[in-house]
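# Per-entry structural report
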Amino acid sequence: MKLLLCGEAINAKRLLLFVVVPLACLAVAATIFLPSGLIRLAVMLTLVLPIAFLFLDRPSIVFYILILILFSNLDVYAPFRLYRYVIIFVFASFALALASGRRVVTHHPLMIALLGAFTIIAFQSISVARDYDLAVRKMGWFVKMLVALAIMTQFTRDRSEFRKFLLVLAAGILLSDFLPFVVRPPAQLRSLSLLWGQGVVRYGGFIYEPNVFAMCQLFLIPILMFFVGAYRKPAIGLFLVASIIASIGVLTLSFSRGGFVGLICLLLTLIVVERKNRAILFLGLVLIVVGIIAVPDVYWERVGSLFDFAAKRTDDFAISTRVETIRAAFRLGLENPLLGVGIDNFMGRSQYLIPFTLTVHNAFMQIFAELGLIAFAVFIGMIAYNVIIIRRLMARRDDPEAALLGRALCMQQVAMLVNSFFIPVAYEMVFWFMLVMPAIGEYAYRVTPGASSRADEGSTGRK
């Protein structure tokens, strides 16, 4: 095969004479006359620039790197803010793609309107925040997360791109789960969360917050179950099942009571929605049995404290303080129905209601107290719209894989929403990825003219 330049064959002798030989001479001269620092810079640019140009020409590669970093937190090992440079590359490469004729993807205008309304109200809530700096920082983080969501919509246009996205996302979470067992995290990030009563250390992976870490497992497990049904090859299936069991294992190591409740709801939803799919139903039952056998006794003691508190047999300080913060959040929401007390300002405004400084461990009450009744209604509207989308996906008789995705998203939504009743995740990235996932999935698996035959061919589950 001949080298081509602008459609014409390249003359190898001229390439050697006018390009290769002069560059070699320049390299020798630079080695002799230039300082060593400039030589290292030139070598680095020689190695980096071709890779940079390759990434600029292939925005999907940069997008997958971004998703891997977002969900694995591997950039903690970088000596600089790697995430920022990847974002710049994503925008630059996508701008070049737009200049080359790529179209901007827009769909589900109702979801876009709800997200926009929620963002506007959150921004307006800064005006009533007593701790202005804290509110601005949280709003900045929320906007960055929305940018990541907007980028995701541009690279999940069809089922193939959506599956690749889910694979990279799952790989990122699995790296965050298990890489700390192999590679030590940076010294400044080796924070420990202890349960002094039970004498155990809570595991948080590279998330560094055990409750959010447990929620990430609830986000991951339905995705892995979707791939179990979509890729019915024994080797792949065995790896996926092992990954599911391992994810449940690290969830238990987090000692998150909310995570346990979410996991139980996930498995119960699995039994309900997959009752006609014997393979997936059997997998769910196996997971329940393995979980009962493998979970350590100290974890059952911690989970049992929920039932003891509900039966008023004991007074758990952690649970009682959370109940008090929920009551305080409800009162603050009623007293400030328009804009709440300001984004991320609950702790400062609740000090005259409760005698301790603690954020409200309930995402619904967190939004109600900090952003007000209108934002809370918009948030409930997004959840209701997701229910409609998931029902449409689950009813897809023409595309079994789309229906399988709908059932997986149903499990994910139920588990994470139940879990959000126990932890303050109203502005967490993985929580909002969960909220927009049904809209993204339905668009990727949409019915297009002439695509029905391909959907039937590709939905047999054997890939």
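The preceding data block contains the structure.
Read on for an overview of the structure. Every chain is numbered on its own, with residues counted from 1 as its sequence reads. Predicted model: local features are reported for residues with pLDDT of at least 70 only, side-chain atom pairs are reported and counted for 80 or more only, and whole-chain, interface and lining totals are derived from all residues. Calculation of side-chain values draws on the structure's entire complement of heavy atoms; hydrogens and water are dropped beforehand.

Here a pair means two rings of Phe, Tyr or Trp (six-membered ring of Trp) with centres within 6.5 Å. Their orientation is stacked below 30 degrees between planes, edge-to-face above 60, and tilted elsewhere. Applying the stated criterion across every chain, the model contains 21 aromatic pairs. An angle of 45° between the planes, with centres 6.2 Å apart, marks the rings of Phe 162 and Phe 165 as tilted. With Phe 162 and Phe 165 both in helix H7 (residues 159-178) and 3 residues apart, the pair spans about one turn of that helix. Owing to a relative accessible area of 0%, Phe 162 belongs among the buried residues under this scheme. Ring plane angle 85° and centroid distance 5.3 Å describe the contact between Tyr 203 and Phe 213, whose orientation is recorded as edge-to-face. Only DSSP runs of H or I covering at least 4 residues are called helices, and only runs of E covering at least 2 are called strands; the numbering of each starts at the N terminus. Classification of residues uses two cut-offs on accessible area relative to the type maximum, computed with a 1.4 Å probe and protein chains only: under 20% is buried, over 50% is exposed, and between them is partly exposed.

As a further point, take the pattern of salt bridges. What counts as a salt bridge is simple: a side-chain nitrogen of Lys or Arg found within 4 Å of a carboxyl oxygen of Asp or Glu. For the structure on display, the rule yields 9 salt bridges. Here Arg 163 and Glu 401 are joined by a salt bridge, their closest N and O atoms 2.6 Å apart. Placement of Arg 163 in helix H7 and of Glu 401 in helix H17 (residues 400-419) is noted, with a sequence separation of 238 residues between them. When its relative accessible area of 3% is taken as the criterion, Glu 401 is described as buried. Where Arg 407 meets Glu 274, a salt bridge forms, and the shortest distance between an N and an O atom there is 2.8 Å. Taken together, the residues span a long stretch of sequence, with Arg 407 in helix H17 and Glu 274 in the loop between helix H10 (257-273) and helix H11 (278-294) at a distance of 133 residues. On the basis of relative accessible area, Glu 274 is assigned to the buried category, the value being 1%. Overlapping salt bridges bring together Arg 159, Arg 396, Asp 398 and Asp 399 as one network.

Relative to the elements of secondary structure, Leu 240 occurs in helix H9 (residues 234-253). Leu 240 sits 14 residues away from Phe 226 along the chain, and the two C-alpha atoms are 9.8 Å apart. Contacts of Leu 240, omitting those with residues within four sequence positions, involve Leu 224, Phe 227 and Val 228. Here, residues are in contact when the closest pair of their heavy atoms is within 4.5 Å.

Its location among the elements puts His 107 in the loop between helix H4 (82-99) and helix H5 (109-124). A polar contact is formed between the side chain of His 107 and the side chain of His 108, at a distance of 2.9 Å. What His 107 contacts, discounting residues up to four positions off in sequence, is Ile 112, Thr 153, Ala 439, Ile 440 and Tyr 443. Think of a polar contact as two N or O atoms within 3.5 Å of one another; within protein, one of them needs to be a possible hydrogen donor and the other a possible acceptor, and neighboring residues in sequence only count if both atoms come from side chains.

Further remarks concern the nonpolar core. As used in this record, nonpolar core signifies buried Ala, Val, Leu, Ile, Met, Phe, Trp, Tyr and Cys residues forming a set joined through side-chain atoms within 4.5 Å. Residues Phe 71, Phe 118, Phe 165, Phe 219, Trp 432 and Phe 433 are the most contacted members of the largest nonpolar core, which totals 119 residues. Among the elements that line this core, the one with the most residues is helix H8 (residues 210-230), at 15 residues. Apart from residues no more than four positions distant in its own chain, Phe 219 is found in contact with Phe 71, Leu 169, Ile 173, Gln 412, Met 416, Val 430, Phe 433, Met 434 and Met 437.

The interhelical angle for the contact between helix H3 (residues 59-72) and H4, taken along N-to-C directions, is 155°, at an axis separation of 9 Å. In terms of their interaxial angle, H3 and H4 are classed as roughly antiparallel. You can see that H3 and H4 cross each other, and the crossing is left-handed. Contacts between H3 and H4 involve Pro 59, Val 62, Phe 63, Ile 65, Leu 66, Ile 69 and Leu 70 from the former and Leu 82, Tyr 83, Val 86, Ile 87, Phe 89, Val 90, Ser 93, Phe 94 and Ala 97 from the latter. Any residue outside Ala, Val, Leu, Ile, Met, Phe, Trp, Tyr, Cys, Pro, Asp, Glu, Lys and Arg is labelled polar, Gly included; the first ten of those are nonpolar and the last four are charged. Partitioned by chemical class, the residues of the contact of H3 with H4 number 15 nonpolar, 1 polar and no charged. In this description, a line fitted to the C-alpha atoms serves as the axis of each element, helices being fitted only across the stretch in contact, and the angle between N-to-C directions of two axes falls anywhere from 0 to 180 degrees. To sort the angles, those under 35 degrees are grouped as roughly parallel, those over 145 as roughly antiparallel, those from 65 to 115 as roughly perpendicular, and the leftovers as oblique. We call a crossing left-handed when the near helix sits turned anticlockwise from the far one by less than a right angle, and right-handed when that turn is clockwise.

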